[in-house]
Amino acid sequence: MKRNIFAVAILGCMLLSCTNKATADYRIVPLPQEITMTNGKGFTLSERTMIAYQGGNRQMERNAEFLAEYIKEKTGIQVGITAGAITPGEKTKGINLSIDNISDNEEAYQMTINAEGVNIVGASPAGVFYGIQTLRKAIPAADGNVVLPAAKINDYPRFGYRGAHLDVSRHYFSVDSIKRFIDILALHNINRFHWHLTDDQGWRIEIKKYPKLSTVAAERDETVIGRNSGKYDGKHYGPYIYTQKECRDIVAYAAERNVTVIPEIDLPGHMQAALAAYPEYGCTGGPYEVWKMWGISENVLCAGNDATLAFIEDILAEVIQVFPSKYIHIGGDECPKTQWEKCPKCQARIKKLGFKDDEHNSAEMYLQSFVISHAEKFLNSKGRQIIGWDEILEGGLAPNATVHSWRGIGGGLEAAKKGHNCIMSPNTFMYFDYYQTKHTEDEPLAIGGYVPVSTVYNYEPMHSSLTPEQQKHIIGVQANLWTEYVPTFTHVEYMELPRMAALCEVQWCKPENKDYEDFKSRLLSLVEIYDMEKYNYAKHIFDVNATFATDTINNAIVATLNTVDNRPIYYTIDGSEPTETSALYNKPITIKGNCVLKAKGISARGETRTFSEEFVFNKATAKPITLLQPTHRTYTFDGPLTLTDGLQGNHNYRTGRWLGFAGNDFEAIIDLQNAMEISKVSFNTCVEKGDWVFDARGIEISVSTDGKQYTKVFNEQYPSMQSEDANKIYTHDLTFATTKARYVKVKALVEHNMPEWHGAKGYGAFLFIDEIAID
């Protein structure tokens, strides 16, 4: 079976001259920095091809073996391997792999393709490996010979740290699955595997000095169902542990693929599983159990106990014997201080060290910094360095620490400005446990959020507020996958792919070389490999993509449809399933009334999933709207017309269907464009109390005929939400005596002081509003 997928027209003339053979396309993912097509004949990959590698180097020999495996997988051709260089001749053309001093960047490579063969020269074996990955992805799936057009490629990564994180505490994945994950990283030129091995819900690495970590801490009685529903599945989980022998095997497997494994032992918080096994290292002495629910446990290591510090050192001492990585991740995130505030030992240490509350930090925050610094000094003495989540900035940063910025970009920027290295993983761009589509009702349960492929791709880690010197401290970018809601490895693949493809271009490519539309076309050839490897990738990016514009002049919603591969799109507006007999999309669709728009891409390559969107019109739909108070900068999305576009937001407030307000109230004026009788205003609020998202505290409706003088027709105040109030969408139907008006002012009051029962009591909440209806 021959499949030819060509993303870009740059090779068009060459493709036409080689129509009888499959032809390589070097515009792959990630896009090489420089591709120069040259004159002359290219090289034909065939059964006679040999791969030669620089002898006396096991890494280079393994590189040659990888390339031979990739070629056979893509083409069925079994090429030979030999040590030493190939001298071009009539029967001795082939692929040379070698190392030379071509760049200060050890991951750089140069590739030359001509009639004599292919030469891949790397600054190190790692550089050669990435040249091999480029060739692997450039070769199309074919039965038989493949033409490699004449070209020169000069390539190197933008960032030296290109990471991907996987949490194996909440859910365990087999050694074979971890190796499969590493294979996926290698395919995407990712060179750091951040392995989150410990947390409240399970300890996953053998520590020989503390055997109960492999038994008591590695299992839990049962697991909460859903998002801390209060219901449990009744199924014992574990014990699941990676032995030190298995970890060493994984480290070696990764090293062959130029991936460094960075283990994370999260401390001093997220330690309840360890405390279940060794309660003497907690503030209360227990008893503790391995946590059965998700979230942040208050049971943390006792920072005032000298034995706890020895416990930390003992664990780290065994970890560094297993993992040779320069960096050891020690977490440092989400460590509640409630027990330290009450613990006599912790308070005694605070007093001894002279820590006091100040305008920046509490004494307990300084105590956390003491614990982090203690771990850092121990690791530094062993020739290692620490990475910690951005909370390690609180209470003072350990001298040589690298900051891992996850709560937005602020932590990374602060660290860089202070001269510390940092890794950027802002949750709004790089959290792959978030939903990847707005249509979450058809998705497996996720923690929430919304990070589609486009959001990942468009992230730029070098913030404009940093000077060139400060930017040097941004050493890399990483995506994180937390697995509370990801119980199987096929689900891991679904959450990672193809978002990882977008990630790798952020990590590898210069920003001026990035283009999202071009990326989508190049992604098609990478998906061939996903299919070959049977990766369970998400296919949202290949479905019909719809964008909506509000036309306030004609009071219509205009729908624009497309697919990444430009396949024909058929649509209906009566809710029926589209087929090839339905209307063929060839121009934007104008919607001026209630309808259910459905669309599907249909071609010889198959069908996309059905796109569906319901529009509900009222007197406010497609009418101008002006905000009198601003949205929160993170939740502005497409602006105020989001509230009058006829589309309803679902339970996920991050999808762009809701507007968010914090620090000020919501207040807007809808211009109905003509005076008309009205008696009702409706809108929805989305409530997710754990995320500080509350319902309105009050609502006012005022009307006007001239836009100057307003009359209040509705005014109600509401009590603060209670802990037992449901997280859901609340519909506010506000009725009043029939009145004639052109302008309608809607005001909803934000909760400015969250109640005592909430973990963030006293802080202001968010208010999320969608779809104002007027009747």
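Below you will find a few notes about this structure. (Residues numbered from 1 in each chain as written. Predicted model: local features only at pLDDT ≥ 70, side-chain atom pairs only at ≥ 80, totals over all residues. Heavy atoms only, no water.)

1. Observations regarding the pairing of strand β34 (residues 729–749)
Worth spelling out the cut-off: The pairing criterion is simple: DSSP has to find at least two bridges between the two strands. Secondary structure elements are taken from DSSP: a helix is a run of H or I of four residues or more, a strand is a run of E of two residues or more, and numbering for both begins at the N terminus.
As paired elements, strand β31 (residues 666–686) and β34 share 16 bridges and run antiparallel to each other. Its bridge partner lying in β34, Glu-667 is registered against Lys-747. Pairing between strand β32 (residues 698–704) and β34: seven bridges, direction antiparallel. Bridging from a neighbouring strand, Gly-698 pairs with Leu-749 of β34.

2. Some points on the sheet that holds strand β10 (residues 151–155)
Worth spelling out the cut-off: Every angle, taken between N-to-C directions, lies between 0 and 180 degrees, and every axis is a line fitted to C-alpha atoms, over only the stretch in contact when it is a helix. Contacts between residues were defined by any pair of non-hydrogen atoms, one from each residue, lying within 4.5 Å.
Read across the sheet, seven strands follow the order β2-β10-β7-β8-β6-β4-β5 without closing on themselves; strand pairing throughout is mixed. At either margin of the open sheet sits one strand with a lone partner, and together these are β2 (34–37) and β5 (80–83). Across the sheet, the mean angle separating the axes of adjacent strands is 15° when strand polarity is ignored. Here strand β7 (residues 109–114) pairs with strand β8 (residues 117–122) via six bridges, running antiparallel. In the strand pairing of β8, Thr-112 is matched with Asn-119. Contacts from helix α2 (residues 58–75) reach β4 (50–53), β5 and β6 (94–99), with the element oriented near 150° to β6.

3. Looking at the sheet that holds strand β15 (residues 260–267)
Taken together, the eight strands give a closed barrel; going around it, the order is β11-β12-β15-β16-β17-β18-β19-β20, and neighbouring strands pair in parallel fashion. The mean inter-strand angle of the sheet, taken between neighbouring strand axes irrespective of direction, is 30°. As defined by bridge partners, strand β18 (residues 402–405) adjoins strand β19 (residues 422–424) across three bridges and the pair is classed as parallel. Across the sheet, His-404 pairs through a bridge with Ile-423, a residue of β19.

4. Section: the pattern of salt bridges
Formally: The term salt bridge refers to a side-chain nitrogen of Lys or Arg lying within 4 Å of a carboxyl oxygen of Asp or Glu. Burial classification: accessible surface area is computed with a 1.4 Å probe over protein chains only, and a residue below 20% of its type maximum counts as buried, one above 50% as exposed, and the rest as partly exposed.
Inspection of the entire model under this criterion finds 37 salt bridges. The salt bridge partner of Asp-733 is Lys-680, with a shortest N-O separation of 4.0 Å. Residue Asp-733 is found in strand β34, and its partner Lys-680 is found in strand β31; the two are separated by 53 residues along the sequence. Judged by relative accessible area, which is 46%, Asp-733 ranks as partly exposed. On the basis of relative accessibility, which here comes to 28%, the residue Lys-680 falls in the partly exposed class. Between Glu-756 and Lys-761 there is a salt bridge, and its shortest N-O distance comes to 3.6 Å. Overall, the relative accessible area of 65% leaves Glu-756 in the exposed class. The exposure class assigned to Lys-761 is partly exposed, which follows from its relative accessible area of 45%. Look at the salt bridges and you will find they share partners, linking Arg-58, Glu-61, Arg-62, Glu-65, Glu-69, Asp-183, Glu-256 and Arg-257 into a network.

5. Looking at the environment of Phe-666
For Phe-666, the position within the fold is in strand β31. According to the relative accessible area criterion, Phe-666 is buried, its value standing at 0%. Taking the C-alpha atoms as reference points, Phe-666 and Ala-748, 82 residues apart in sequence, are found 5.1 Å from one another.

6. Re the packing of helix α16 (residues 499–508) against helix α17 (residues 516–533)
Rules: Here the angle decides the label: under 35 degrees means roughly parallel, over 145 means roughly antiparallel, 65 to 115 means roughly perpendicular, and every other value means oblique. Crossings are classed by handedness, with left-handed meaning an anticlockwise turn of the near helix from the far one by less than a right angle and right-handed meaning a clockwise turn. We call Asp, Glu, Lys and Arg charged. Ala, Val, Leu, Ile, Met, Phe, Trp, Tyr, Cys and Pro are nonpolar, and the rest, Gly among them, are polar.
The contact between α16 and α17 brings their axes to 10 Å, and the two run at 120°. It follows from the interaxial angle that α16 and α17 lie oblique. When the axes of α16 and α17 are compared, the crossing they make is right-handed. Residues Ala-501, Ala-502 and Glu-505 of α16 form the contact with α17, whose own contacting residues are Phe-519, Arg-522, Leu-523, Leu-526 and Tyr-530. Partitioning the contact of α16 with α17 into residue classes produces six nonpolar, no polar and two charged.

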